[in-house]
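For reference, the chains in residue letters:
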Amino acid sequence: MVQAVRGMRDVLPDAARRWRHVESVVQQVLRTFAYEEVHLPLLEFTELFARGVGEATDIVEKEMYTLADRDGDSLSLRPEGTASCVRVLQEHGLLYNQTQRVCYAGPMFRYEKPQKGRYRQFYQIGAEVFGFAGPDVDAELIQMGAQIWRALGLEQHLRLEINTLGDGNARKAYRDALVAYLTPLQAELDADSQRRLQTNPLRILDAKAAQTQALLKSAPQLPDFVDEHSAAHFARLRELLDGMQINYVCNPKLVRGLDYYTHTVFEWITEDLGAQGTVCAGGRYDGLVERLGGRPTPAVGFALGLDRLLLLHEAVCADNPGFAENAADVYICYANDALLSHGLELAARLRREKLRVRLHMGGGNFKKQLKRADACGAGWAVLLGEDEVNSGTLSLKNLTSGEQQQLDVEAGCGMLAAACAGST
Ligand code: ATP
Ligand code: MG
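Keep in mind that this is a model prediction, so the values were computed, not measured.

The rules behind the values
Residues numbered from 1 in each chain as written. Chains lettered and ligands numbered in written order. Predicted model: local features only at pLDDT ≥ 70, side-chain atom pairs only at ≥ 80, totals over all residues. Heavy atoms only, no water. Helix = DSSP H or I, 4+ residues; strand = E, 2+ residues; numbered from the N terminus. Areas by Shrake-Rupley, 256 points an atom, 1.4 Å probe, with all protein chains shown as cover. Lys, Arg positive; Asp, Glu negative; His and termini not counted. Charge placed at Lys NZ, Arg CZ, Asp CG, Glu CD. Near = heavy atom within 4 Å. Polar contact = N/O pair within 3.5 Å; in protein donor to acceptor, adjacent residues only side chain to side chain. Nonpolar A, V, L, I, M, F, W, Y, C, P; charged D, E, K, R; others polar. Pairing = 2+ DSSP bridges. Axes fitted to C-alpha atoms, helices over the stretch in contact; angles between N-to-C directions. Parallel < 35°, antiparallel > 145°, perpendicular 65-115°, else oblique. Left-handed = near helix turned anticlockwise from the far one by under 90°. Contact = heavy atoms within 4.5 Å. Phe/Tyr/Trp six-rings, centres within 6.5 Å; stacked < 30°, edge-to-face > 60°. Buried < 20%, exposed > 50% of the residue type's maximum accessible area, 1.4 Å probe, protein only.

Which residues make up the overall build of the protein, and what values go with them?
Broken down by element type, the protein carries 15 helices and 16 strands. In terms of its C-alpha atoms, the protein occupies a principal-axis envelope of roughly 90 × 50 × 45 Å. Accessible area for the protein stands at about 20600 Å²; split by element, carbon and sulfur atoms hold 50% of it. The averaged location of the 55 negative side-chain charges in the protein is 4 Å from the averaged location of its 46 positive side-chain charges.

Pulling in residues and values, what's your account of the site of ligand 1?
Around ligand 1, a shell composed of 15 residues is seen, among which Arg110, Glu112, Arg118, Arg256 and Thr278 lie nearest. Contact distances for ligand 1 include 2.8 Å between an oxygen atom and a backbone N or O atom of Thr278. Arg308 is positioned such that a nitrogen or oxygen atom in its side chain is 3.1 Å from an oxygen atom of ligand 1. Protein burial of ligand 1: of its 590 Å² of free accessible surface, 86% is covered by the chains. Secondary-structure elements contributing two or more residues to the shell around ligand 1 are strand E6 (121–130), strand E10 (278–284) and strand E11 (299–305). Among the elements that take part in the shell around ligand 1, E10 stands out by supplying three residues, more than any other. Of the residues belonging to the shell around ligand 1, the class tally is five nonpolar, four polar and six charged.

Now, about the sheet that holds strand E2 (residues 43–45): what can you tell me, with residues and values included?
Taken in spatial order, the three strands make up an open sheet running E2-E4-E3, and their pairing is antiparallel. Lying at the two open borders of the sheet, with one neighbouring strand each, are E2 and strand E3 (66–68). Taken over all neighbouring pairs, the strand axes of this sheet differ in orientation by 35° on average, direction set aside.

So, the packing of helix H5 (residues 135–152) against helix H9 (residues 228–243): which residues are in play, and what are the values?
Close contact between H5 and H9 brings their axes to 9 Å; oriented N to C, the two are set at 40°. As the angle between them shows, H5 and H9 are arranged oblique. Relative to H9, H5 is oriented so that their crossing is right-handed. Residues Pro135, Asp136, Asp138, Ala139 and Ile142 of H5 lie in contact with H9, whose contacting residues are His233, Arg236, Leu237, Leu240 and Leu241. Across the contact of H5 with H9, the residue classes break down as six nonpolar, one polar and three charged.

Before we move on, could you go through the packing of aromatic side chains and cite the residues and values that matter?
Working definition: an aromatic ring pair is given by the centre-to-centre distance plus the angle between the planes. Within the structure shown, the criterion is met by seven aromatic pairs. Between the aromatic rings of Trp19 and Tyr123, the centroid separation amounts to 5.0 Å while the plane-to-plane angle is 80°, which identifies the pairing as edge-to-face. One end of the pair, Trp19, is in helix H1 (residues 13–32); the other, Tyr123, is in strand E6, with 104 residues separating them in the sequence. Look at Tyr123 and you get buried, because its relative accessible area is 16%. Here Phe33 and Tyr35 contribute two aromatic rings whose centre-to-centre distance is 6.5 Å and whose plane-to-plane angle is 75°, an arrangement assigned as edge-to-face. Residue Phe33 shares its accessibility class with Tyr35, and that shared class is buried.

Now the structure itself:
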């Protein structure tokens, strides 16, 4: 047998059921915020990510799935959605003289070391807002996250960390100060941080290595470099969060890996998943649209990692009260092949009532068919014999109690619809 490619996700029915539930809750919350949906392609020109994510990031340096198209163009599977989102809106003129609030969902691809909560194919739900420079929209995006956790019953399991990177100049001044401080200590840094000192020094702040964290204790602090305007933006954001009673921790070491982030950055983190604890991350990226060739446009967004959210949901809600565990509501059995077309017709009718219907396949007597009905977890079986067809009735068997009754078709369908309402 050919096996799965390492790090790609196989989602089996049990997990898919939870997935559908969790994703639909997230989507419902997004709907209540009146964000519009966009679909982004899986493949883009590699250059989009090189420019949009940044040459010096881990993603572009070593994590992209890049291939040559048949005509030699370099394409990459998308490692994230923000750059594509900007491209799409820009290319279709949707950033011209207007604001946008959009969301998207789908798989992303990064060549990382697979482990719990970290895969090479993973699924993100993203929200991005364009055209608003103030902290109002930062607050709204954080409120959206809080609503999602609450809707899923996970609010006790996620902590919000926030920080501000200041404007472009503040960020650059801090970067220079950090490099000046760390350069003489270079030899004592872990290997990754040594490399980042040249390429992406801010990322050293979230290095895992203890020796590096020890050196950072006396390093220059980002908040000391933040400009006045940015500090006011951040103060107002905190005020808005306080007003909404959303708890947060200010973490001056919180940075995002990408060059273009400015002002607010935030992460929702859980302690329940070990090292891969960041479930949702976002921030303001006022520089990106211009960097990708558009007019300067303030922007802010987040990406939620659905794989990690699902792991957390599973850890917290072991059994899944919110959604059906069985595959079908109703199982249709029929006495012989001559009745198959009646079975197909009845199945169609029940499905129009939104019932989940399995029609028996492969022949056999009622006893065998009822075994299958039990196996798929259906609550009801319909037994179609010549009698029922001739008299326009249905024999319904409640598979939990074993009781059987015969009703006319109309009443029988109504009864099943009422009995199974809300199971889907
Ligand atoms: P990390 O520090 O965990 O690598 P990141 O900063 O690379 O995260 P982002 O690019 O900000 O992550 O992506 C947003 C979210 O997408 C993350 O917070 C996480 O929930 C999820 N995510 C990122 N990479 C992966 C992955 N390889 N597997 C599963 N989920 C991921
Ligand atoms: Mg990463």
